[in-house]
Amino acid sequence: MVFLIDSTYKTNRYRPPLLDIVGVTPTRVTFSATFAYLEGERVNNVVWALERFQDIFLRCDAIPQVIVTDRNSTLMNAVKIVSP
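Quick summary incoming for the structure in this document. Counting from 1, residues in each chain are numbered in the order their sequence is written. Where local features are concerned, this predicted model is filtered to residues with pLDDT of at least 70; where side-chain atom pairs are given and counted, the filter is 80 or more; whole-chain, interface and lining totals use all residues. Calculated side-chain values reflect all of the structure's heavy atoms, with hydrogen atoms and water omitted.

**So, the overall build of the chain**
Strands are runs of DSSP state E lasting at least two residues, helices are runs of H or I lasting at least four, and both sets are numbered from the N terminus onward. A tally of helices and strands in the chain yields two helices and four strands. Only protein chains enter the accessibility calculation, which uses a 1.4 Å probe. A residue is then buried if its area is under 20% of the maximum for its type, exposed if over 50%, and partly exposed in between. Going through the 84 residues of the chain one by one, you find that 31% of them count as buried. Residue contacts are defined here by distance: any two heavy atoms, one from each residue, within 4.5 Å place the two residues in contact. The long-range fraction of contacts in the chain, counting pairs at least 24 apart against all pairs at least 6 apart in sequence, stands at 44%. About 5800 Å² of surface is accessible on the chain, with carbon and sulfur atoms providing 56% of the total. Accessible areas in this description were obtained via Shrake-Rupley with a 1.4 Å probe; residue shielding takes into account the shown protein chains only.

What follows is the structure, given as C-alpha coordinates:
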(Lines give C-alpha, C1' and ligand atoms only; values in the text may rest on other atoms or scores of the structure.)
Protein backbone atom coordinates (compact mmCIF):
# COMPACT_ATOMS: atom_id res chain seq x y z
CA MET A 1 0.00 0.00 0.00
CA VAL A 2 1.20 3.50 -0.81
CA PHE A 3 0.24 6.64 1.10
CA LEU A 4 0.33 10.14 -0.39
CA ILE A 5 0.64 12.95 2.13
CA ASP A 6 -0.04 16.56 1.28
CA SER A 7 -0.51 19.66 3.33
CA THR A 8 -2.30 22.82 2.27
CA TYR A 9 -1.80 26.16 3.93
CA LYS A 10 -3.98 29.25 4.18
CA THR A 11 -6.70 27.99 1.85
CA ASN A 12 -9.75 28.68 3.98
CA ARG A 13 -11.19 31.49 6.04
CA TYR A 14 -9.52 30.52 9.32
CA ARG A 15 -6.19 29.59 7.66
CA PRO A 16 -5.24 26.43 9.63
CA PRO A 17 -3.03 24.00 7.69
CA LEU A 18 -4.84 20.89 6.44
CA LEU A 19 -2.90 17.62 6.34
CA ASP A 20 -4.46 15.08 3.97
CA ILE A 21 -3.40 11.43 3.65
CA VAL A 22 -4.65 9.38 0.71
CA GLY A 23 -4.03 5.64 0.32
CA VAL A 24 -3.61 3.63 -2.88
CA THR A 25 -4.08 -0.14 -2.78
CA PRO A 26 -2.23 -2.65 -5.01
CA THR A 27 -5.39 -2.82 -7.16
CA ARG A 28 -5.17 0.96 -7.76
CA VAL A 29 -8.12 1.84 -5.56
CA THR A 30 -7.66 5.21 -3.86
CA PHE A 31 -9.24 6.21 -0.58
CA SER A 32 -9.06 9.06 1.87
CA ALA A 33 -7.18 7.63 4.84
CA THR A 34 -7.36 10.66 7.10
CA PHE A 35 -7.14 14.40 7.34
CA ALA A 36 -6.29 16.76 10.16
CA TYR A 37 -6.41 20.48 10.70
CA LEU A 38 -3.12 21.41 12.34
CA GLU A 39 -2.33 24.12 14.83
CA GLY A 40 0.60 25.34 12.76
CA GLU A 41 3.12 24.54 10.05
CA ARG A 42 5.74 23.17 12.46
CA VAL A 43 7.26 19.69 12.35
CA ASN A 44 5.92 18.76 15.80
CA ASN A 45 2.33 19.39 14.60
CA VAL A 46 2.80 17.09 11.59
CA VAL A 47 4.56 14.47 13.75
CA TRP A 48 1.57 14.49 16.10
CA ALA A 49 -0.85 13.92 13.18
CA LEU A 50 1.26 11.13 11.68
CA GLU A 51 1.57 9.38 15.05
CA ARG A 52 -2.23 9.51 15.49
CA PHE A 53 -2.59 8.13 11.94
CA GLN A 54 -0.29 5.22 12.79
CA ASP A 55 -2.08 4.56 16.10
CA ILE A 56 -5.52 4.42 14.53
CA PHE A 57 -4.97 3.15 11.01
CA LEU A 58 -1.85 1.01 10.90
CA ARG A 59 -0.91 -2.18 12.65
CA CYS A 60 2.69 -2.59 13.79
CA ASP A 61 3.30 -5.19 11.07
CA ALA A 62 1.68 -3.09 8.35
CA ILE A 63 3.86 0.01 8.23
CA PRO A 64 3.77 1.35 4.66
CA GLN A 65 6.85 0.73 2.53
CA VAL A 66 6.28 3.86 0.44
CA ILE A 67 5.21 7.32 1.57
CA VAL A 68 4.97 10.04 -1.08
CA THR A 69 5.11 13.76 -0.32
CA ASP A 70 5.78 16.85 -2.32
CA ARG A 71 9.13 18.37 -1.44
CA ASN A 72 7.72 20.13 1.61
CA SER A 73 10.55 20.09 4.17
CA THR A 74 8.16 20.02 7.13
CA LEU A 75 6.44 16.88 5.83
CA MET A 76 9.71 15.18 4.91
CA ASN A 77 11.23 15.87 8.35
CA ALA A 78 8.11 14.63 10.14
CA VAL A 79 8.04 11.41 8.09
CA LYS A 80 11.72 10.81 8.97
CA ILE A 81 10.88 11.10 12.67
CA VAL A 82 7.75 8.93 12.64
CA SER A 83 8.85 6.30 10.06
CA PRO A 84 12.65 6.15 10.06
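**A short note on a nonpolar patch on the surface**
A cluster of nonpolar side chains, namely Met 1, Ile 56 and Phe 57, defines an oily patch on the protein surface of about 340 Å² accessible area. Note that Phe 57 resides in helix α1 (residues 43-57). Patch definition: residues above 30% relative accessible area lacking any salt bridge, with like charges linked at up to 9 Å and the nonpolar side chains Val, Leu, Ile, Met, Phe, Trp and Tyr linked at up to 5 Å. What makes a salt bridge here is a side-chain nitrogen of Lys or Arg within 4 Å of a carboxyl oxygen of Asp or Glu, nothing more.

**Looking at the packing of α1 against helix α2 (residues 73-82)**
Packing of α1 against α2 brings their axes to within 9 Å, and their N-to-C directions diverge by 50 degrees. The pairing of α1 with α2 is recorded here as oblique in orientation. The interaxial crossing formed by α1 with α2 has right-handed handedness. When α1 is examined against α2, the residues Val 43, Val 46, Val 47, Leu 50, Glu 51 and Gln 54 are found in contact with a partner set consisting of Thr 74, Leu 75, Asn 77, Ala 78, Val 79, Ile 81 and Val 82. Charged means Asp, Glu, Lys or Arg here, nonpolar means Ala, Val, Leu, Ile, Met, Phe, Trp, Tyr, Cys or Pro, and polar covers whatever is left, Gly included. Residue composition of the contact of α1 with α2, grouped by class: nine nonpolar, three polar and one charged. Only the contacting stretch of a helix is used when fitting its axis, a line to C-alpha atoms as for every element, and angles between N-to-C directions run 0 to 180 degrees. To sort the angles, those under 35 degrees are grouped as roughly parallel, those over 145 as roughly antiparallel, those from 65 to 115 as roughly perpendicular, and the leftovers as oblique. Crossings are sorted by hand: turned counterclockwise from the far helix by less than a right angle, the near helix makes the crossing left-handed, and turned clockwise it makes it right-handed.

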